[in-house]
Each structure stands twice: as structure tokens, then as C-alpha cells.
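A structural walkthrough
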Amino acid sequence: MNLLESLRISWRSITSHKLRSTLTTIGVIIGIAAVITFMVLGSGFSESIVGDIEDDQEPVMLVQTQTEPEDGFGIMPVETPIYTESDIETLEEIDGVEFVAPEGSLDVIQTGTGDEQVTGVVDVQATTDDAFEFTPFVEGETFDEDAEDEAVINEPASQVFEENVSTGDELTLTFEDGETTTVTVTGVVEEEFGGQTPPHVYVSAESYYTTTIETPDGDDERAYPLLQIGAEDFEAIEPTQDDVTDYLETDSHAAELKQDGDQIEVQTVEDAIDQFMDLVNQLTGFVAAVAAIALVVGSIGIANIMIVSVTERTREIGVMKSIGATKRDIMQLFLVESVILGLVGAVFGIALGLGVGYLGVQLIGWPMVYPLEWIAIAAAVGIGVGVVSGLYPAWRAARVDPIEALRHE
């Protein structure tokens, strides 16, 4: 029996029991659709965040403390202020370093303009004007570090009020202790990371940042949880990153102040992208593991229905053997049928996953990215599920005694 004949007979058997065949493939459809949906959403999210960052990146490094969560999944930034003014001064003297811009959060709970107030929406950061060395401005310019009444905002912060805030407008900042201050917006910077940046207001660290700690030397100094370091150019960024990392991990105050288990990370934009993609891959693995459960259920369903099919078609098997069909022909027939069920499940699972993923990215506003590699994997998995599920039923069918089969009612 040739393969085309097996395909014809198998397809006739499947279509003669449409409802049963449909229910059989549901497990495969759900498992594959779950993976494809997540990959579309994950790829859209990644593309939205990463986008053309590599084309627009600047020679800048981000220094922050990180730790692993208790569950060991991903990474978690630590907001402990351990980077002291002495560390900053030493870093500024390293060859290749153009500037060091510290950054720390202020305890601002409410932001207002005119008669409108928003609570807990805008994050206020204290930094220096060097932080905007490579940041494009939509309008205006950076603040004067010695001015207490100036601020820079990003685009999301300019849009949180009913009337957009622009250069020259005033913002009222209310701190946790009830004190208020009024600042004038000197500039609006572009939002970053594919439109996912939260609203930020930036003010002068010299004027507003007051967090101090006792250094290992016994002095009281201002300390920050985050540093932005600019290199002189792209050629200098790699050796500069090595020198900065070496100092921070060995001779700095931060090395002694950080908690056990915390790690000082000096990251370029490419490093941050790689770390982000690692996290996405971990999430992908988790979803794939969950989807595998549905695939196992689907494979059991296919195996079950194929065993039923062998029982129902015992007499047909006897007739085929009596006219010359070999054990190989019978195995081929039932294997082809189970593979068709698995492949149909994969095709509909891919279509469903792409459809749900498309609706998701359109609703959120992310770009649509087709995960071609995972589509190919899904098709292969569908075929594999069909082969594995059909092996035992096909072997069982091939062992049917033709004389006993012809007597079967």
C-alpha cells in the first residue's frame, strides 16, 4: 500500500467521525495555541521595548545593585543607596569616563499644576544635568544644577494632566512630610523604551537630594542607589566598563556597603537588552512547560481514539490482510491517521495562537511579530505527538490475526 492510498483511507476515516476527531485534537490545539500566543505577545513586547534602541544607543552605562528573588526567577533591582560621593569622584577620574550622573528617588507623593493634582502617578528623581547629555529634548533644555526652582520632565509626565505641561509651566511637588515646592519646567525629554516609560520629573540632586549614610571610613556622605556613567565614545565604552566594574567590586564604598547576595552591575544598553531577553526566554520556557501539559493530554486523546478506531475497524483490518496487506501496511495506515490528527491540531493551534496574539498586540499597541521559528517548532510538535500517540495503536492493529478479524462483528 503506497502512502497516498494510506492518506486517502485515513482522511476518509477522520472525516467520517468529524465531532470525535475535533474533540480529539482540542488538547493539541490548546497547547500549541498557548505557546504561539505568548510568543506573539512576547515578541511584540520585546520589539516595542527594544525597537531601534541599538541604532540610537549612546556610550552610556547604568550602575545599579541587583539581586535574585527568593523564587530564583529573573532579577530584581535593589534601591539601597550605596554609591557615595567619594565613589562618584573616583569614577570621574577613570580614563574614558566623560561624566557620572547619580540618581535617587524623592519622597514626593503628589504632583500638581494649576488646580489639578495627581497622587502616586509621577516619579520624581534627583539627578544632575549630565544625565541628559545624550537624551533628546522634545522642547527646552536641562535645568541649572544650582537652581531650586527648575525641573525637566519626560513626555509621559507632560501628558498626565488634562492640559499637557510644557516648557515654562509650573509644577507643585508635595513631599511625604507635607512640605511643598514649586518648580518651573525647563525642558521635556523624549520617552524611552518603546513608549513604556512611566512619568518622571527630574530635579537637581544638589538642591533636593539629602539621603546620607555613614561610609566605611566613618564619614557622612550623600549616597545614591543608581549611577549613569557616560564614556567618551563607543571605542572607550568596553575598557571603561571593565575599569568601572573593577573599581566598584573591589575598592569602592559600595563594595563594602552592599548586602550579601547583592550584585553590583555595570550595564551598557546591549547588556540590559540581553538581560531583558533572558527574562523573556525564562517566561517562554515556563509557558511552554504549562502548554506541554495540554499536549500530553492531547496525545493521550489521540492514542485513545486510535485504539477505539482499531477496535471498530478490526473486520476491515482482516479483509485488508486477507487480500495481501502486510503488517507494515497496517501500521502505516494507522500511523498516518494519527499524524494527520496531530498535524491538524498543530495547524489550528497555530492559527488560533496567531489570531489571539494579533488581537492582543493590537489592543495593547505593540507591533505584530510573527514567531516563525516557533511556528515551525509547533508544526513539528504536532507531527511528533501524532507519531508517538499512534505507535501503540498501529502496532496493535498490525498484530491482529486476519482469521479472527474476519469473524469479528
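Treat the numbers as computed from the prediction; the structure is a model and nothing was measured. (Residues numbered from 1 in each chain as written. Predicted model: local features only at pLDDT ≥ 70, side-chain atom pairs only at ≥ 80, totals over all residues. Heavy atoms only, no water.)

Section: the confidence of the model for the protein chain
Keep this limit in mind: Per-residue confidence from the predictor is reported as pLDDT, which spans 0 to 100. Note on conventions: DSSP H or I runs of at least 4 residues are helices, E runs of at least 2 residues are strands, and numbering of each starts at the N terminus.
For the protein chain, per-residue confidence averages 84 on the pLDDT scale, and 91% of positions sit at 70 or higher. Least confident of the elements in the protein chain is helix 3 (residues 53–56), whose mean pLDDT is 56; most confident is strand 3 (residues 83–84), at 96.

Comments concerning empty space enclosed by the protein
Basically, it comes down to this: Only protein atoms enter the calculation, which uses a 1 Å grid: trapped sets of points that fit a 1.4 Å probe without letting it out are cavities, open sets showing protein on both sides within 12 Å along at least five of seven lines are pockets, and any residue with an atom within 4 Å of a point is a lining residue. Grid points are joined across faces, edges and corners, and a volume is the space filled by probe spheres set on the points. Asp, Glu, Lys and Arg are counted as charged, while Ala, Val, Leu, Ile, Met, Phe, Trp, Tyr, Cys and Pro are counted as nonpolar; the rest, among them Gly, fall into the polar class.
Under the criterion given, the structure shown has two cavities of 30 Å³ or more. One number sums up the size of the largest cavity: a volume of about 70 Å³. Taken together, S13, I14, H17, R20, S21, T24, I305, M306, S309, E337 and L341 make up the full set of residues lining the largest cavity. Across the lining of the largest cavity, the residue classes break down as four nonpolar, five polar and two charged. In this model, the second largest cavity occupies a volume close to 40 Å³. In terms of lining residues, the second largest cavity is bounded by T65, V78, T80, I82, L257, K258, Q259 and D262. Tallied by class, the residues present in the lining of the second largest cavity amount to three nonpolar, three polar and two charged.

Let's talk about the sheet that holds strand 3
Basically, it comes down to this: Should DSSP find at least two bridges between two strands, the strands are regarded as paired.
Spatial strand order, 3-14-13: three strands in an open sheet with antiparallel pairing. Each edge of the open sheet carries a strand with a single partner, namely strand 3 and strand 13 (212–214). Pairing geometry for strand 13 and strand 14 (residues 220–224), over three bridges, is antiparallel. Each residue of the ladder has a partner; that of E214, found in strand 14, is D220.

Side note on the pattern of salt bridges
Rules: Note on definitions: salt bridges are taken to be side-chain nitrogens of Lys or Arg within 4 Å of carboxyl oxygens of Asp or Glu. Throughout, exposure labels follow a simple rule: accessible area from a 1.4 Å probe, protein chains only, divided by the maximum for the residue type, with under 20% read as buried, over 50% as exposed, and the rest as partly exposed.
Under the criterion given, the structure shown has two salt bridges. Two residues, E85 and R222, come together in a salt bridge whose shortest N-O distance is 3.3 Å. Residue E85 is located in helix 4 (residues 85–92), and its partner R222 is located in strand 14; the two are separated by 137 residues in the primary sequence. By relative accessible area, R222 is classed as buried at 15%. Here E206 ties to R222 by a salt bridge, and the two come within 3.2 Å at their closest N and O atoms. With E206 in helix 6 (residues 205–208) and R222 in strand 14, this pair connects stretches of sequence that are 16 residues apart. Each of E85, E206 and R222 takes part in a single network of salt bridges with overlapping partners.

Some details on the nonpolar core
Note the cut-off: Nonpolar core, defined: a set of buried Ala, Val, Leu, Ile, Met, Phe, Trp, Tyr and Cys residues in which side-chain atoms within 4.5 Å join the residues together. Residue contacts are defined here by distance: any two heavy atoms, one from each residue, within 4.5 Å place the two residues in contact.
Membership of the largest hydrophobic core comes to 42 residues, with the highest contact counts inside it found for L91, L106, V203 and L248. A per-element tally of this core places helix 7 (residues 234–250) first, with four residues. Not counting residues up to four positions away in its chain, the partners in contact with L91 are V97, V100, L227, I229, V244, Y247 and L248. The next biggest cluster of nonpolar side chains, apart from the first, holds 29 residues, and it includes I32, V40, L354 and A397.

Quick look at the side chain of Q64
Of note, Q64 is situated in strand 1 (residues 60–67). Classification of Q64 as buried rests on a relative accessible area of 16%. Not counting the four nearest positions on each side in its chain, Q64 is found in contact with P77, Y83, P225, L226, Q263, I264, E265 and Q267.

Comments concerning helix 12 (residues 372–398)
Rule in force here: For a helix, the expected span equals 1.5 Å multiplied by the residue count minus one. The angle separating two fitted axes, one through the seven residues that finish at a residue and one through the seven that start at it, defines the bend at that residue.
Helix length check: helix 12, at 27 residues, gives a terminal C-alpha distance of 38 Å against a target of 39 Å (1.5 Å per residue), a fit within 8%. Of all the bends found along helix 12, the most pronounced is centred on L391 and spans about 40 degrees, while P393, a proline, follows it within four residues.

Quick notes on the environment of T65
Here T65 is to be found in strand 1. Each C-alpha atom, one on T65 and one on A254, is 9.4 Å from the other, the two residues being 189 residues apart in sequence. For T65, the residues in contact, after removing those within four places along its chain, are M76, P77, V78, I82, Y83, P225, D262 and Q263.

Thoughts on the packing of aromatic side chains
We count it as follows: Paired rings are identified among Phe, Tyr and Trp, the last through its six-membered ring, by centres lying within 6.5 Å, and are further divided according to the angle between planes into stacked (under 30 degrees), edge-to-face (over 60) and tilted (the rest).
The final tally for this structure, using the stated rule, is five aromatic pairs. Taken together, a centroid distance of 6.1 Å and an interplanar angle of 40 degrees make the contact between F99 and F134 tilted. Taken together, the positions of F99 in strand 4 (residues 97–105) and F134 in the loop between strand 7 (123–127) and strand 8 (137–140) put the pair 35 residues apart, joining distant regions of the chain. We classify F99 as buried; its relative accessible area is 5%. Taken together, the aromatic side chains of F132, F137, F143 and Y202 make up a single cluster linked through ring pairs.

Regarding a nonpolar patch on the surface
Stated formally: Patch definition: residues above 30% relative accessible area lacking any salt bridge, with like charges linked at up to 9 Å and the nonpolar side chains Val, Leu, Ile, Met, Phe, Trp and Tyr linked at up to 5 Å. Accessible areas in this description were obtained via Shrake-Rupley with a 1.4 Å probe; residue shielding takes into account the shown protein chains only.
On the surface, a cluster of nonpolar side chains totalling about 490 Å² of accessible area is made up of L343, V347, F348, I383, V387 and L391. Among the elements of the structure, helix 11 (327–364) and helix 12 are those that each provide at least two residues to the nonpolar patch. Along the chain, the position of L343 falls in helix 11. For L343, a relative accessible area of 34% puts it in the partly exposed group.

Some points on a negative patch on the surface
Stated formally: For the purpose of charge, His is not counted, nor are the chain termini; Lys and Arg are scored as positive and Asp and Glu as negative. Lysine's charge is taken at NZ, arginine's at CZ, aspartate's at CG and glutamate's at CD.
Taken together, the side chains of D95, E98, E133, E232, D233, E235, E238, D242, D243, D246, E249 and D251 present a region of like negative charge at the surface. Among the elements that take part in the negative patch, helix 7 stands out by supplying six residues, more than any other. Tracing the backbone shows E133 in the loop between strand 7 and strand 8. Here E133 falls in the partly exposed class, since its relative accessible area comes to 46%.

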